[in-house]
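Next come the chains, spelled out residue by residue.
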Amino acid sequence: MFNYIKADLYRLFHKKSNFVFYGVVFALFIAVVIIARTSVEGTTPFAEGYLELGIILLTQFFPLVFGIQAYVAVYTNDLSANTYQNIFTNGLSKVEFIIGKVITMIVYLLTTFLSGAILYSIMYVILLMIEGGSFDFESFKNLAIVSVTIFLGILGYSTVANILAYFTQNSTISVISMGVLVSGVILQIFNLISLF
């Protein structure tokens, strides 16, 4: 199982399309911060609202973009390439395969979160140095709590979508189900049902 996890992580961290994806998204984030800062320059310190911007991005943007990309990269590759048979003929049991995929998802998603957190923190420190503000520990603590919640939510949703993928053997259905789960559509439906 550990050899499978190691091979899967090697595949993910050496895939050029992943580097292009994260490079583009991180560049867009830097551009949005620069544009937003220049548009509010002179009124209020942008660093004060920067942490709130982080919470909004984490709750609205991160699950849809990063969560679905991580799910597709980790889970649907074997399904769309029809390589399940090769994996199981090499002596890996189905339980080891599922546990291996969950561990791979945790490591990949944790790497994504940490790289995003490093970029986000560097931008925050730069903003504080430019504006001469003070570090807001309370807002940063709230941001960390939201980050952990989103991280665990994406892991849970990906596990549910993965179960559906194994039953249907269809990567399109599993990706759509992951999108529905992370977008909160199911929660909204349950909230509407609870009103009745």
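Right above here is the structure, for reference.
Residues numbered from 1 in each chain as written. Predicted model: local features only at pLDDT ≥ 70, side-chain atom pairs only at ≥ 80, totals over all residues. Heavy atoms only, no water.

Some details on the overall build of the protein chain
Then comes step 1: Helix and strand counts for the protein chain come out as eight helices and zero strands.
Then comes step 2: Along its sequence from the N terminus, the protein chain presents helices and strands in the succession α-α-α-α-α-α-α-α.
Then comes step 3: By the burial criterion, 35% of the 196 residues in the protein chain qualify as buried.
Then comes step 4: Pairs at least 24 apart in sequence give 81% of the contacts found in the protein chain among residues at least 6 apart.
Then comes step 5: Carbon and sulfur atoms provide 73% of the accessible area of the protein chain, an area that totals close to 11400 Å². (Helix = DSSP H or I, 4+ residues; strand = E, 2+ residues; numbered from the N terminus. Buried < 20%, exposed > 50% of the residue type's maximum accessible area, 1.4 Å probe, protein only. Contact = heavy atoms within 4.5 Å. Areas by Shrake-Rupley, 256 points an atom, 1.4 Å probe, with all protein chains shown as cover.)

Side note on the packing of aromatic side chains
Then comes step 1: Evaluation of the coordinates by the stated rule reveals 17 aromatic pairs.
Then comes step 2: Between tyrosine 50 and tyrosine 120, the ring centres sit 4.4 Å apart and the planes meet at 15°, which makes this aromatic pair stacked. On the criterion of sequence distance, the pair formed by tyrosine 50 in helix H3 (residues 46–81) and tyrosine 120 in helix H5 (residues 94–131) is long-range, its members being 70 residues apart.
Then comes step 3: What makes tyrosine 50 buried here is its relative accessible area of 0%.
Then comes step 4: Every member of this aromatic cluster is reached through a ring pair, and the members are Phe13, Phe21, Tyr22, Phe26, Phe61, Phe62, Phe66, Tyr108, Phe113 and Phe151. (Phe/Tyr/Trp six-rings, centres within 6.5 Å; stacked < 30°, edge-to-face > 60°.)

Remarks on a nonpolar patch on the surface
Then comes step 1: A contiguous nonpolar patch, built from Ile118, Ile122, Val125, Ile126, Met129 and Ile130 and spanning about 600 Å² of accessible area, is present on the exposed surface.
Then comes step 2: In this fold, isoleucine 130 is placed in helix H5.
Then comes step 3: Since its relative accessible area comes to 54%, isoleucine 130 is described here as exposed. (Patch = residues over 30% accessible without salt bridge, like charges linked within 9 Å, V, L, I, M, F, W, Y side chains within 5 Å. Salt bridge = Lys/Arg side-chain N within 4 Å of Asp/Glu carboxyl O.)

A few points about the packing of H5 against helix H6 (residues 137–168)
Then comes step 1: At a closest axis distance of 11 Å, the pairing of H5 and H6 adopts a crossing angle of 150°. In terms of orientation, H5 lies roughly antiparallel with respect to H6. The handedness of the crossing between H5 and H6 comes out as right-handed. Across from Phe97, Ile98, Lys101, Met105, Ile106, Leu109, Leu110, Phe113, Tyr120, Ser121 and Tyr124 in H5, the residues of H6 making contact are Phe140, Leu143, Ser147, Ile150, Phe151, Ile154, Leu155, Ser158 and Tyr166. (Axes fitted to C-alpha atoms, helices over the stretch in contact; angles between N-to-C directions. Parallel < 35°, antiparallel > 145°, perpendicular 65-115°, else oblique. Left-handed = near helix turned anticlockwise from the far one by under 90°.)

Digging into helix H2 (residues 16–39)
Then comes step 1: With 24 residues, H2 extends 35 Å from end C-alpha to end C-alpha; this agrees with the ideal 34 Å at 1.5 Å per step.
Then comes step 2: Those residues of H2 lying buried are Asn18, Tyr22, Val25, Phe26, Phe29, Val33 and Arg37. (Expected span 1.5 Å × (residues − 1).)

Brief notes about the side chain of threonine 104
Then comes step 1: Relative to the assigned elements, threonine 104 resides in helix H5.
Then comes step 2: A relative accessible area of 0% means that threonine 104 is categorised as buried.
Then comes step 3: Look past the residues within four positions of threonine 104 in its chain and what remains in contact with it is Ile5, Asp8, Leu9, Leu12 and Val74.

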